Amino acid sequence: MFVVSEKLMNKSDIKNQNSHDSTSRFVLSQAEARRRVERGLKRRYRQEGRFKLYGILSVFFGVAFLGFLFSTIIGNGASAFFQTHVKLDIHFDESIIDPLETGSREALLSANYARLISDALLNIYPEASGRRDKRSLRSLVSSGAPYQLQKLILEDPSLIGSRKSIWLLADDEVDMFIKGYIDGNVDEKLRRLKDKQINWIEGLLKNERIEKRFNINFFTAGDSRDPEMSGIWGATKGSFFMLLVTLALSFPLGVAAAIYLEEFAPRNTWIDAVEVNINNLAAVPSIVFGLLGLAVFINFFGLPRSAPLVGGLVLALMTLPVIIIAGRAAIKSVPPSVREAALGVGASQMQMVFHHVLPLALPGMLTGAIIGMARALGESAPLLMIGMIAFIVEVPGTPFDPSTALPVQVYLWADSPERAFVERTSAAIMVLLLFLLIMNVSAVWLRNRFERRW
């Protein structure tokens, strides 16, 4: 009996031992699992931290590069909004302006106004006696200054015979020297301004005959070979005419195509092919549209080369797929319940689309159109193909007149060797970016102002 009870006790101890061992193993396995989970959580937290760090660094570098770009453009272009002027005491000598005393407009137009400027400069620096010195002294004033005097005489012929102090445009090299882009301490052979010219400029500065004024000419003049006389008004009007033609053609056609494809078109192979081609056209390089415009609008239809009309037609073709895609997306965003409610009260499909769906989708369509127009405003490649790279001095009056555009004007100035065109290139980029910013802000405002949340 004792032996049996001892065996039973041994079995009970073994079971208790086994139970204790299994409990210990379970506890150990739970602790190990907890440690594994904690290690996994720590690893995931480290990965999330690294991902957040990468995101922050990406944003930082993006903002830094954008700030560097803007600071470079502004740093190079801000000085273009101010232009150096020289004050000269001009004697409107009647023997030079109108020696025959006819008083005719032809005589006033053909007068030698450059001689009046030369005489005024020689009165200040009479020591410039040689031909070379006189030429160097005369080059301190812009070659467009005689036209300033001509304009004054044409507006007020009573100035003939009088003497008046007038602020005239300085030459671009003088302007660069005043703005600090030309170092007077550099060897004379390495700069375009000679030592004598620098001494004359410093003398004019000492006598308060040189000052920087707001460059209104930059905003009111067309292009010119002389940097101090060049402006963006011609290119701005050309861009305006092109955008006008582009908007008049692409927006109605784009909205009509979007409405038809989304609301009325049957679902078949032909419509599917049209939709695929519209999506493909939105990704076609812009220069291809320029080649199309050159082949069709200029060579086939014989439209005038370098005209904003042709540029607007080319940009309309380029913008049309973008407007169609944006319009379809805006129509799709209108809930089906609006259509069902309109049809349920007896409206026809046409009434349902134009009275209910289109007003709700129009803000999104306008947003897409503005973004497409902003893209068109910044394009230059298709315009180069249709001849809008030509040097155009006159400001266009109609979409049929020869013109250029702001992006092309930037390209032309960037290719010019004069240092003064560098600041004008950056200033034109600033104006172009301002227009693009206004258009994109308008798109965001329209979307937030009129978009409905469903």
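Everything discussed here concerns the structure shown above.
This structure is a prediction, so every number in the text was calculated from the model and none was measured.

1. Considerations on the layout of surface pockets
Each pocket or cavity is described by its volume, and for the largest pocket that value is around 680 Å³. Breaking the lining of the largest pocket down by element, the ones donating at least two residues are α6 (145-155), β2 (163-169), β3 (210-214) and α9 (217-220). A per-element tally of the lining of the largest pocket places α6 first, with five residues. When its residues are assigned to classes, the lining of the largest pocket shows eleven nonpolar, nine polar and four charged.

2. Topic: the environment of Y147
Assignment of secondary structure puts Y147 in helix α6. With 38 residues separating them along the chain, Y147 and L109 place their C-alpha atoms 9.3 Å apart.

3. Regarding the packing of aromatic side chains
If you walk through the whole model with that rule in mind, you get twelve aromatic pairs. Where F240 meets F241, the ring centres are 5.8 Å apart and the plane angle is 55°; that geometry is what we call tilted. The class of F241 is buried, set by a relative accessible area of 10%. Note on F300 and F301: the rings are 5.0 Å apart at their centroids and 85° apart in plane angle, and the pair reads as edge-to-face. In this structure an aromatic cluster arises from ring pairing among F81, F82, F214, F218, F219, W413 and F421. Across the ring face of F391, the terminal group of R225 is positioned such that the distance to the ring centre comes to 3.7 Å. In this structure, R419 packs its charged tip against the face of Y181, placed 4.1 Å from the ring centre.

4. Digging into unusual backbone geometry
One non-glycine residue, E208, lies in the positive phi region at around 60°. Within the secondary structure, E208 sits in the loop between α8 (195-206) and β3. Here E208 falls in the exposed class, since its relative accessible area comes to 63%. A positive phi angle, close to 70°, is found at S306, a residue other than glycine.

5. Examining the packing of helix α17 (residues 406-414) against helix α18 (residues 420-450)
If you want to describe how two helices pack, look at the angle between their axes and the distance between the axes. Across the interface, α17 lies against α18 with an axial gap of 9 Å and an inter-helix angle of 165°. Relative to α18, the element α17 is oriented roughly antiparallel. Like other packed secondary-structure pairs, α17 and α18 cross with a definite hand, here left-handed. Taking contact as the criterion, the partners of L406, P407, V410, W413 and A414 in α17 are, on α18, F421, R424, T425, A428, I429, L432 and F435. Of the residues belonging to the contact of α17 with α18, the class tally is ten nonpolar, one polar and one charged.

The rules behind the values
- Residues numbered from 1 in each chain as written.
- Predicted model: local features only at pLDDT ≥ 70, side-chain atom pairs only at ≥ 80, totals over all residues.
- Heavy atoms only, no water.
- 1 Å grid on protein atoms, 1.4 Å probe; cavity = no way out; pocket = protein on both sides within 12 Å on 5 of 7 lines; lining within 4 Å.
- Points joined across faces, edges and corners; volume = space filled by probe spheres on them.
- Helix = DSSP H or I, 4+ residues; strand = E, 2+ residues; numbered from the N terminus.
- Nonpolar A, V, L, I, M, F, W, Y, C, P; charged D, E, K, R; others polar.
- Phe/Tyr/Trp six-rings, centres within 6.5 Å; stacked < 30°, edge-to-face > 60°.
- Buried < 20%, exposed > 50% of the residue type's maximum accessible area, 1.4 Å probe, protein only.
- Lys NZ or Arg CZ within 6 Å of the ring centre and 35° of its normal.
- Axes fitted to C-alpha atoms, helices over the stretch in contact; angles between N-to-C directions.
- Parallel < 35°, antiparallel > 145°, perpendicular 65-115°, else oblique.
- Left-handed = near helix turned anticlockwise from the far one by under 90°.
- Contact = heavy atoms within 4.5 Å.

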